[in-house]
Structure formats: structure tokens, C-alpha cells
Amino acid sequence: MIVTLGPDADPTLVRHALIDRGLWVRRFDGNHAVQFLVEPPSPPIAPGEILAIHGVVDVAVTRPATPLLDAHPPRVSVRGVDVGVGARPILIAGPCSIETEDRTHRLAAEVARSGAAFLRGGAFKPRTSPYDFRGHGECALRWMRSAADLNGLRVVTEVLQPAEVSLVAEYADVLQIGARNMHNAPLLRAAGAANLPVVLKRGMAATIDEWLFAAEGLLLHGASGVILCERGIRGFEPATRFTLDVAAVALIAEVHQLPVIVDPSHGAGRRDLIPALCRAGLAAGAAGIMIEVHDDPGAALSDGPQAVAPSTLRAIANEMGIRRHLSGDSNLRSRVA
Ligand code: PEP
Ligand code: MN
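Criteria and thresholds
Residues numbered from 1 in each chain as written. Chains lettered and ligands numbered in written order. Predicted model: local features only at pLDDT ≥ 70, side-chain atom pairs only at ≥ 80, totals over all residues. Heavy atoms only, no water. Helix = DSSP H or I, 4+ residues; strand = E, 2+ residues; numbered from the N terminus. Rg over C-alpha atoms; globule rule 2.2 N^0.38 Å. Buried < 20%, exposed > 50% of the residue type's maximum accessible area, 1.4 Å probe, protein only. Contact = heavy atoms within 4.5 Å. Areas by Shrake-Rupley, 256 points an atom, 1.4 Å probe, with all protein chains shown as cover. Lys, Arg positive; Asp, Glu negative; His and termini not counted. Charge placed at Lys NZ, Arg CZ, Asp CG, Glu CD. Polar contact = N/O pair within 3.5 Å; in protein donor to acceptor, adjacent residues only side chain to side chain. Near = heavy atom within 4 Å. Nonpolar A, V, L, I, M, F, W, Y, C, P; charged D, E, K, R; others polar. Salt bridge = Lys/Arg side-chain N within 4 Å of Asp/Glu carboxyl O. Pairing = 2+ DSSP bridges. Axes fitted to C-alpha atoms, helices over the stretch in contact; angles between N-to-C directions. Donors = N, O, S within 2.8 Å, 3.2 Å for Na, K, Ca; no water. Right-handed = clockwise from strand over helix to strand, strands pointing away.

S.K.: Give a description of the overall build of the protein chain that names residues and reports values.
M.R.: A tally of regular secondary structure across the protein chain gives 13 helices and 14 strands. Computed over its C-alpha atoms, the radius of gyration of the protein chain comes to 22 Å, within 12% of the 20 Å expected for a compact globule of 337 residues. Taking all 337 residues of the protein chain together, the buried fraction comes to 52%. Restricting the contact set of the protein chain to residue pairs at least 6 apart, pairs at least 24 apart contribute 68%. Surface accessibility of the protein chain: about 14,900 Å² in total, with carbon and sulfur atoms responsible for 55%. With 33 positive and 35 negative side-chain charges, the protein chain shows a spacing of 5 Å between the two charge centroids.

Written out as C-alpha cells, the structure is:
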């Protein structure tokens with residue numbers, strides 16, 4: 001919005017009046033008038049309310065940058081479980097990578113025992129080194145789906161490329177777009193077209209605006225909802241793997257009123273910090289937590305140092321007040337015959 005002042009207006013008083021209404025403003029002194037640009041993350045406000053401020057003579061409404069995201073509900077429902085502002089916090093847990101059929105079943109049982117409603121795990125892995133384990137692909141999707149169905153869980157798993165979206169969508173309840181792909185427009189387009197909810201990780205060097213534009217892209221191409229996931233951004237501090245940006249979580253939950261979850265596993269990169277970062281994320285307004293868990297982290301094919309033991313997962317779930325989503329579970333039926 002651009003707010004134009006009349007020749008007799010007192011810009012300082014108008015500025016205070018705008019700030020009093022929660023708006024973020026930047027002043028421009030043109031040749032003929034003083035103007036204020038109302039910038040994000042200002043809350044929505046009716047132009048009439050600004051016109052009523054003494055000294056304001058015009059309010060020009062600019063086209064919203066993210067109209068679909070602005071209209072996105074504060075909660076999305078995933079097969080009977082609500083995720084978002086005002087809903088009970090949700091827990092998504094599982095291994096970094098889906099490793100073997102047996103382990104997937106064992107870990108899914110542990111995840112369900114903790115009360116989490118969602119099983120996570122990578123079948124297609126975006127690894128930093130080209131020599132690292134890249135996932136078992138469709139086999140892993142099958143193991144994950146059957147382990148989830150046996151344990152009344154929903155599946156969240158990452159899709160890496162457009163050509164694999166339809167395959168992953170056959171097995172997943174929620175698609176995950178990873179940090180390394182947040183800027184990948186063709187992937188956002190293909191993932192959106194699957195018409196599923198999407199967990200969108202924040203790119204490790206992405207601004208909040210860039211992250212929100214990526215979410216807008218998913219919605220534009222058909223995603224049934226987005227759940228933003230703060231997983232740490234790259235700072236200068238090597239003691240943790242990334243820097244978990246809890247201010248971003250508060251901004252998205254409180255100001256944008258959008259579903260946002262926190263992934264402390266990738267944020268910290270070390271298991272000893274996970275419980276504290278879960279508390280921090282929830283305190284900042286996160287709608288849930290995504291956590292990596294493993295029953296033999298020393299032998300994990302990826303991200304062992306940040307995987308918590310099943311007993312720690314249960315302790316975190318207890319502290320979060322997670323209980324079985326009984327109504328949701330009764331609605332769960334296998335998606336794959
Ligand atoms: C993951 O969740 O397995 C993952 C690879 O995370 P990120 O994209 O945040 O690095
Ligand atoms: Mn991982």
C-alpha cells in the first residue's frame with residue numbers, strides 16, 4: 001500500500017498513527033507529497049482505516065505479492081489430523097533415510113508408540129556429497145507405506161525431481177520439498193500438481209520472502225496446502241550444523257498465521273540439543289516438530305549424529321503433550337493396495 005499525505009499533514013504524526021496500527025512503513029519524500037510505503041510483514045488492514053488518519057489524502061493498494069498464501073487457511077488437515085495455528089502440536093518422526101524393511105517397521109512402531117501421527121523418512125536423498133547414500137527409491141517408499149499403515153501413521157517423504165513426483169505421490173500423504181530444492185521452480189510446479197499437502201523446508205540461505213514465494217508457487221500449481229518447515233539457516237557458527245531461526249517461526253505463525261513446523265534435527269545436527277530446540281520452536285509458535293530418530297545411530301546410513309533414540313522421542317512427545325490422534329487414526333486406510 002502507498003499512503004499519500006496532504007500538504008498540511010504532519011508526517012511524524014501520520015507515521016506514528018500507522019505504526020500504532022501495527023504497520024511497517026518506509027517514508028518517501030517526493031517533489032509534491034510525502035508518502036509512506038506499507039511493507040511486509042504488516043498485518044492486513046482496510047484502506048478506509050488508513051484514509052481516516054488525519055492528513056492522509058490517498059491510499060493506493062498494490063497487488064499482493066502472495067495472494068494464494070494470504071488466503072491460505074491457518075491450518076491444513078492431513079487425513080484427519082489438523083496442522084497449524086491453534087491446533088494441537090503434531091510430531092513427525094522417523095529416520096533420515098529409509099534403510100531396510102525391518103528397521104522401517106521397527107522405527108514406525110516406535111514412532112507410533114510415542115504418539116506421533118506422521119512417519120518421516122527419505123527414499124530419495126539429496127546428499128551434499130555425491131558419494132553418500134542416495135536412498136533406496138521405490139522399495140523404500142513401499143516399506144514406508146506399509147509400516148505406516150500397520151501403525152496408523154501418515155507418510156511424509158521427500159521428492160527430489162519432477163519426474164519422480166507421481167511415484168512419490170502414490171505412497172505419500174504429504175510431499176516434502178527439501179532445503180536444497182526450495183528454489184527449484186520446476187519441482188515446485190510438479191509437486192504442486194500432485195494436489196497433496198506439501199512440507200516446504202526453508203532453503204539454507206533463503207530469506208523468509210523467498211521461502212514464502214516458493215510456498216506461493218506450490219499453491220499456484222495445485223498443492224492442497226503448505227506446511228512451512230524451519231530447518232536452520234546458514235550462519236557463521238560451526239558449533240551447530242545450522243542456525244535455527246525461531247524468529248522466522250514466530251513471524252510466520254503469529255503475523256502470517258500460516259502453518260509452520262520446526263526441524264531441530266537438521267537445525268542442530270546433534271542429538272543433545274534436540275529437546276531444547278523442540279521447546280524453543282513450540283514456544284515461538286510452531287505447529288509441530290519434525291525429528292529424526294534411529295535405533296542404532298552409529299550404523300545409520302545418514303545423519304546418525306543428530307538422530308535421537310526412541311526413548312528420547314517418547315520423552316519429547318510426552319513433554320509436548322502428544323496423545324494418539326484416535327479420531328484421525330480410525331480414518332486411516334491404506335492408500336496403496
Ligand atoms: C531431510 O529432512 O531428510 C532433509 C534432507 O532435510 P533438509 O532438506 O532440511 O536438509
Ligand atoms: Mn537428515
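S.K.: Please provide a residue-by-residue account of the side chain of His266, values included.
M.R.: Here His266 is to be found in helix 10 (residues 264-268). Only 2.7 Å separates the side chain of His266 from the side chain of Asp263, close enough to count as a polar contact. A polar contact is formed between the side chain of His266 and the side chain of Asp303, at a distance of 3.1 Å. Residues contacting His266, with those up to four places away along its chain left out, are Arg120, Lys201, Arg231, Arg241, Phe242, Glu292, Asp303 and Gln306.

S.K.: I'd love a proper account of the site of ligand 1, names of residues and values included.
M.R.: If you check the shell around ligand 1, you find Arg120, Lys125, Pro126, Glu158, Gln176, Gly178, Ala179, Arg180, Lys201, Arg231, His266 and Glu292 and nothing else. In this structure, an oxygen atom belonging to ligand 1 sits 2.8 Å away from a side-chain N or O atom of Lys201. The side chain of Arg231 places a nitrogen or oxygen atom 2.6 Å from an oxygen atom of ligand 1. Burial of ligand 1 by the protein amounts to 97% of the accessible area it has alone, namely 290 Å². Per-class residue counts for the shell around ligand 1 are 2 nonpolar, 3 polar and 7 charged.

S.K.: Account for the pattern of salt bridges, with residues named and values stated.
M.R.: The final tally for this structure, using the stated rule, is 20 salt bridges. Of the charged contacts in the structure, one is a salt bridge between Arg106 and Asp295, with a shortest N-O distance of 2.8 Å. With Arg106 in helix 4 (residues 101-114) and Asp295 in the loop between strand 14 (288-292) and helix 12 (310-320), the pair connects residues that are 189 residues apart, well separated along the chain. For Arg106, a relative accessible area of 42% gives the class partly exposed. Classification of Asp295 as partly exposed rests on a relative accessible area of 33%. Two residues, Arg120 and Glu292, come together in a salt bridge whose shortest N-O distance is 3.4 Å. Of this pair, Arg120 sits in strand 8 (residues 118-120) while Glu292 sits in strand 14, and the two are 172 residues apart along the sequence. Classification of Arg120 as buried rests on a relative accessible area of 3%. The exposure class of Glu292 is buried, given its relative accessible area of 1%. A cluster of three or more residues bridged by salt bridges with shared partners is formed by Arg79, Arg145, Asp149 and Asp173.

S.K.: I'd love a proper account of the sheet that holds strand 1 (residues 2-5), names of residues and values included.
M.R.: What the 4 strands build is an open sheet, ordered 2-3-1-4; its pairing is antiparallel. Either end of the sheet is taken by a strand with one partner, and the two such strands are strand 2 (24-29) and strand 4 (56-60). Each strand axis lies, on average, 25° off the axis of its neighbour in the sheet, ignoring direction. Both strand 1 and strand 4 contribute to a ladder of 4 bridges, which runs antiparallel. Within strand 4, the position partnered with Thr4 by the bridge is Asp58. Packing against the sheet, helix 1 (residues 11-20) makes contact with strand 1, strand 2, strand 3 (34-39) and strand 4, and its axis sits at approximately 15° to strand 3.

S.K.: Now, about the coordination of the manganese ion (ligand 2): what can you tell me, with residues and values included?
M.R.: For the manganese ion (ligand 2), every protein donor is listed as Cys96 (SG), His266 (NE2), Glu292 (OE) and Asp303 (OD), and the spread of their distances is 2.0 to 2.4 Å. All donor residues of the manganese ion (ligand 2) come from one chain, and their arrangement in sequence is C-x169-H-x25-E-x10-D. Residue Glu292 is located in strand 14, and its partner Asp303 is located in the loop between strand 14 and helix 12; the two are separated by 11 residues in the primary sequence. With respect to class, Glu292 is no different from Asp303; both count as buried.

S.K.: Residues and numbers for the pairing of strand 9 (residues 154-158), please.
M.R.: In terms of burial, strand 9 is largely enclosed, as 5 of its 5 residues are buried. A two-sided burial pattern is seen for strand 9, the buried positions comprising Arg154, Val156 and Glu158 on one face and Val155 and Thr157 on the other. Taken together, the 3 bridges between strand 8 and strand 9 define a ladder with parallel strand orientation. Pairing of Leu119 across the sheet is with Val155, part of strand 9. Read from strand 8 through helix 5 (residues 138-150) to strand 9, the crossover connection turns out right-handed.

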